[in-house]
Amino acid sequence: MADVYKEQAQFFANVPLMQSGVVASVHLEDGDDKDFWNAMLQIHHPGRYYFITHSRSPKGFDTKGCEQCLKYRPYLSKRFFICIDSDMRYLLQEQDIDAANYICQTYTYSWENHYCEASALQQRFVKKSLDKVATFDFPTFLSELSKVLYKPLLLLLYCLKNDKSGFNLRMFSACLPNQCRRAELADNGKLLLERIAKNFEPHLNSPFAQSVASRMPIFT
């Protein structure tokens, strides 16, 4: 049976040879990622890139996403590489996901994290404010939010790295409200932070989490 990923990789790697001026073929997770990755690549190696936003699965379906990109790992080269969001891979220190292996990944969870960097958020907030007076400080809020999320994230990483079911991404996400109440935004989101912290308390105080904490000095 033909290896559809090898065949496609060979085609993608040949594009720079067939199209004048193309530096390399680059498989992305989705079309929405094109502007971000093109900007990053232009900084380090200016030129024209042939971006691939979806490719064929063994069953012949158009498929996209991080896992689809990673299917090409054995066939990557300087003429055909992939760019992915790190998800938890960077924090888990997964091996061989780096530029030396023709895999580019974002430093944080996704390219949206770069766009939502604290100072940039604050600048856009001030710009959009009708009275031009910032009544909410994003750097302060995100700094305090990081403190609230620190232990839950350590617990989640422990479970992912050790294949434990005591705490998972679904449980973690369920503790983060999809929306907040207007009153919770006062004092740079103090009440919202308290609500999020309270949501995590049952997980952090569970017997499972306490057993993990006893083996992880950094957790305390």
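All of these numbers come straight from a predicted model, not from anything done at the bench.

Trainee: Could you give me a rundown of the sheet that holds strand S2 (residues 48-52), with the residues and numbers involved?
Mentor: Read across the open sheet, the four strands follow the order S2-S1-S5-S6; overall the sheet is parallel. Of all the strands in the sheet, just S2 and strand S6 (103-105) have a single pairing partner and so form its edges. When strand polarity is set aside, the average angle formed by the axes of neighbouring strands in this sheet is 30 degrees. Judged from the five bridges that link them, strand S1 (residues 22-27) and S2 form a sheet pairing that is parallel. Within the sheet, the bridge partner assigned to Ala24 lies in S2 and is Tyr49. The strands touched by helix H1 (residues 4-18) within the sheet are S1, S2 and strand S5 (80-84), with S1 carrying the most contacts at an inclination of about 155 degrees.

Trainee: I'd like to hear about the pattern of salt bridges, residue by residue, with values.
Mentor: Applying the stated criterion to the full structure yields four salt bridges. When the shortest N-O distance is used, the salt bridge between Asp30 and Lys64 registers 2.8 Å. One end of the pair, Asp30, is in the loop between S1 and helix H2 (34-44); the other, Lys64, is in the loop between strand S4 (62-63) and helix H3 (66-70), and 34 residues separate them in sequence. A residue is classified by how much of its surface remains accessible, and Lys64, at 52% relative accessible area, is exposed. As a salt-bridge pair, Arg195 and Glu184 come within 2.7 Å of each other at their nearest N and O atoms. Of this pair, Arg195 sits in helix H9 (residues 186-204) while Glu184 sits in the loop between helix H8 (169-174) and H9, and the two are eleven residues apart along the sequence. Residue classification places Arg195 among the partly exposed residues on the basis of a relative accessible area of 24%.

Trainee: Please give an account of the layout of surface pockets that cites residues and values.
Mentor: Reported here for the second largest pocket is a volume of approximately 390 Å³. Together, 16 residues line the second largest pocket, and Leu41, His44, Phe81, Ala99 and Cys104 are the ones closest to its centre. Those elements that place two or more of their residues in the lining of the second largest pocket are S1, H2 and S6. For the lining of the second largest pocket, a count of residues per class yields eleven nonpolar, three polar and two charged.

Trainee: Go over the nonpolar core, please, and point to the residues and values.
Mentor: In a soluble, globular protein the nonpolar side chains are often hidden away together inside. Core analysis: the biggest nonpolar cluster contains 24 residues, and Phe167, Ile196 and Phe200 have the highest contact counts within it. Of all the elements in the fold, those that place two or more residues in this core are helix H7 (138-162), H8, H9 and helix H10 (207-215). Element by element, the count of residues in this core is highest for H7, at nine residues. Membership of the second largest hydrophobic core comes to 16 residues, among which are Ile52, Tyr72, Ile82 and Ile103.

Trainee: Now, about the packing of aromatic side chains: what can you tell me, with residues and values included?
Mentor: What the rule picks out here adds up to 13 aromatic pairs. Between Phe12 and Phe80, the ring centres sit 5.2 Å apart and the planes meet at 50 degrees, which makes this aromatic pair tilted. Here Phe12, found in helix H1, pairs with Phe80, found in strand S5; they are 68 residues apart in sequence, far enough to count as distant. Note on Phe36 and Trp37: the rings are 5.2 Å apart at their centroids and 80 degrees apart in plane angle, and the pair reads as edge-to-face. Trp37 shares its class with Phe36; the two are buried. By way of ring pairs, the aromatic residues Tyr5, Phe11, Phe12, Tyr72 and Phe80 are connected into one cluster.

So, how was this worked out
- Residues numbered from 1 in each chain as written.
- Predicted model: local features only at pLDDT ≥ 70, side-chain atom pairs only at ≥ 80, totals over all residues.
- Heavy atoms only, no water.
- Pairing = 2+ DSSP bridges.
- Helix = DSSP H or I, 4+ residues; strand = E, 2+ residues; numbered from the N terminus.
- Axes fitted to C-alpha atoms, helices over the stretch in contact; angles between N-to-C directions.
- Contact = heavy atoms within 4.5 Å.
- Salt bridge = Lys/Arg side-chain N within 4 Å of Asp/Glu carboxyl O.
- Buried < 20%, exposed > 50% of the residue type's maximum accessible area, 1.4 Å probe, protein only.
- 1 Å grid on protein atoms, 1.4 Å probe; cavity = no way out; pocket = protein on both sides within 12 Å on 5 of 7 lines; lining within 4 Å.
- Points joined across faces, edges and corners; volume = space filled by probe spheres on them.
- Nonpolar A, V, L, I, M, F, W, Y, C, P; charged D, E, K, R; others polar.
- Core = buried A, V, L, I, M, F, W, Y, C linked by side-chain atoms within 4.5 Å.
- Phe/Tyr/Trp six-rings, centres within 6.5 Å; stacked < 30°, edge-to-face > 60°.

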